[in-house]
Number of protein chains: 2
Amino acid sequence: MSVNHDCRNELKEASLKATPARLAILKLLESTEKPVDVKAVRSFIRKNNSKTDPATIFRILNSFTKRGLARQIYLNESKARYERANKIEHHHLICQSCGQVQDILDCTIFDLEKDILKKKGFLVKTHSMEFFGLCLRCQH
Amino acid sequence: MSVNHDCRNELKEASLKATPARLAILKLLESTEKPVDVKAVRSFIRKNNSKTDPATIFRILNSFTKRGLARQIYLNESKARYERANKIEHHHLICQSCGQVQDILDCTIFDLEKDILKKKGFLVKTHSMEFFGLCLRCQH
DNA sequence: TATTAAATGCAAGTCTATTGCATTTAGAAT
DNA sequence: ATTCTAAATGCAATAGACTTGCATTTAATA
């Protein structure tokens, strides 16, 4: 079954029509390793010889986020980034020198969340945790 | 020694002139429990019968951040918030219902940072970790 | 193929943040 | 106290991120 077909199914399940713009953005989110901002989406779409209005891109990314196809994340900057939501829960290592983003999969803070509930009575629904520093190459 | 005097000293140490706007903002950061955004700073200043240009507020907050008087933080939204930097390292519990922000002081993720260096070779300089959920009162 | 709710394009507008430049001011030097 | 000057501010213009209303187009169903 083709990737394209999978995407169509996924959109259908989310009650979203399979429009060219949505398929393209889904494909981008699928193929990229670094969470993308709207600017990156725009230039990707332009490269593929199609033109989609920025407002539409925002609307698509919002609907993806709402329907669980994408996750909206903030890497300590004044704009949102997006990544596919079909990846396992993870966090990011953001290199302050080259901007590269790696994922870390092993999240050990669930114990911490239980602890917070016990000590503070605060019920954690979700968390954000990002690490900023230098990747291996940029340390030299 | 008055708080005002302390603030003047601190500004002096940071090679920043003790202007009315700076003293006011420093006082606000000192007195508030929740990290403030620029809007909150503006309305605070207006309440105190003075008027400072938004551009100046941005410049002040940026200089405070650069000189270590304030910390810039992002609570998963498209704008910066600021808090005094003389508090101990801590993280936040943000209630998704009432918006209240609590601090958690015991940060147990330094071990995790060492682990990241060992496993990934990524040298962590700083991190962000925020928890979103429901505070005690909003759970009922 | 026709129908229609959903999606898009366009334009206008909001909010956050930045920058250049003329004017003002804090703080030091006199 | 007064003068001086670099630093700070106000103002206006601008950029970038994001939203919204409305007319038009289109995907998916009958």
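Residues numbered from 1 in each chain as written. Chains lettered and ligands numbered in written order. Predicted model: local features only at pLDDT ≥ 70, side-chain atom pairs only at ≥ 80, totals over all residues. Heavy atoms only, no water.

Focus: the domain arrangement of chain A
Residue and element names in this part refer to chain A.
Here is step 1: For chain A, the assigned domains are domain 1 (3-84) and domain 2 (91-139).
Here is step 2: Taking the mean C-alpha position of each, domain 1 and domain 2 sit 24 Å from one another.
Here is step 3: Carbon and sulfur atoms supply 65% of the area buried between domain 1 and domain 2, which totals about 540 Å² over both sides.
Here is step 4: Counting across the domain 1 and domain 2 interface gives zero salt bridges.
Here is step 5: On the surface where domain 1 and domain 2 come into contact, there are two residue pairs in polar contact (both at pLDDT 80 or more).
Here is step 6: Here the side of domain 1 that touches domain 2 is built from residues that sort into four nonpolar, one polar and two charged. (Domains from an automatic or database assignment. Buried area = accessible area lost by both parts, 1.4 Å probe. Salt bridge = Lys/Arg side-chain N within 4 Å of Asp/Glu carboxyl O. Polar contact = N/O pair within 3.5 Å; in protein donor to acceptor, adjacent residues only side chain to side chain. Nonpolar A, V, L, I, M, F, W, Y, C, P; charged D, E, K, R; others polar.)

Quick notes on the protein's contact with DNA strand D
Here is step 1: Around DNA strand D there are 25 residues in total, and A18(A), A80(A), T19(B), R22(B) and T56(B) lie nearest to it.
Here is step 2: Counting only the atoms of DNA strand D that lie within 4 Å of the protein, the sugar and phosphate share comes to 64%.
Here is step 3: A distance of 3.4 Å is found between a base nitrogen of DNA strand D and a side-chain nitrogen or oxygen belonging to K17(A).
Here is step 4: With respect to DNA strand D, the side chain of T19(B) contributes an N or O atom lying 2.6 Å from a phosphate oxygen. (Near = heavy atom within 4 Å.)

Focus: the interface of chain B and chain A
Here is step 1: Taken together, the contact pairs 37 residues of chain B with 38 residues of chain A.
Here is step 2: For the chain B and chain A pair, buried surface summed over both sides reaches about 3,200 Å², with 61% attributable to carbon and sulfur atoms.
Here is step 3: Together, Y74(B), F122(B) and F131(B) form the three largest contributors to the area buried by chain B at its contact with chain A, with a combined 19%.
Here is step 4: Between the two partners, chain B and chain A, sit zero salt bridges.
Here is step 5: Applying the counting criterion to the chain B and chain A interface returns 14 residue pairs in polar contact (both at pLDDT 80 or more).
Here is step 6: Going through the elements one at a time, β3 (91-95), β4 (101-104), α5 (110-120) and β5 (123-134) of chain B are the ones with two or more residues in the side of chain B that touches chain A.
Here is step 7: Counted by class, the side of chain B that touches chain A contains 17 nonpolar, eleven polar and nine charged residues.
Here is step 8: Where strand β5 (residues 123-134) of chain A and β5(B) come together, eleven bridges link them in antiparallel fashion. By the bridge assignment, L123(A) is partnered in β5(B) with L134(B). (Contact = heavy atoms within 4.5 Å. Helix = DSSP H or I, 4+ residues; strand = E, 2+ residues; numbered from the N terminus. Pairing = 2+ DSSP bridges.)

Here we look at the relation of the copies chain B and chain A
Here is step 1: In screw terms, the move from chain B to chain A is a rotation of 180 degrees and a rise of 0.0 Å along the axis, fitting with an RMSD of 0.1 Å. Look at the turn and shift together and you get a two-fold axis relating the two.
Here is step 2: Comparing interface residues between copies, 100% of those in chain B also sit at the interface in chain A, which points to an isologous, same-surface contact. (Least-squares fit on C-alpha atoms with pLDDT ≥ 70 in both.)

Some remarks on the environment of R8(A)
Residue and element names in this part refer to chain A.
Here is step 1: Its place among the elements puts R8 in helix α1 (residues 3-13).
Here is step 2: Overall, R8 belongs to the partly exposed group, its relative accessible area being 39%.
Here is step 3: Along the primary structure R8 and A18 are separated by ten residues, whereas in three dimensions their C-alpha atoms are 5.9 Å apart.
Here is step 4: Non-local contacts of R8, meaning those with residues more than four positions away in its chain, are made with A18 and L23. (Buried < 20%, exposed > 50% of the residue type's maximum accessible area, 1.4 Å probe, protein only.)

Topic: helix α3 (residues 38-47) of chain A
Residue and element names in this part refer to chain A.
Here is step 1: Within the sequence span of α3, burial applies to V38, V41, F44 and I45. Down the axis of α3, the buried side of the element spans an arc of 120 degrees, and every buried residue falls inside it. Residues of α3 that are exposed and angled more than 90 degrees away from the buried face: K39, R46 and K47.
Here is step 2: For α3, the elements touching its buried residues are α2 (20-31), α4 (54-67) and β2 (81-84).
Here is step 3: Positive phi shows up at N49, right after α3, with a value of about 60 degrees. (Arc of directions from axis to C-beta.)

A word on the packing of helix α3 (residues 38-47) of chain B against helix α4 (residues 54-67) of chain B
Residues and elements named next belong to chain B.
Here is step 1: At a closest axis distance of 10 Å, the pairing of α3 and α4 adopts a crossing angle of 120 degrees. The crossing of α3 and α4 is right-handed. Only P54, I57, F58 and L61 of α4 make contact with α3, whose side of the interface consists of V38, V41, R42 and I45.
Here is step 2: Here the residues of the contact of α3 with α4 are counted per class, giving seven nonpolar, no polar and one charged. (Axes fitted to C-alpha atoms, helices over the stretch in contact; angles between N-to-C directions. Left-handed = near helix turned anticlockwise from the far one by under 90°.)

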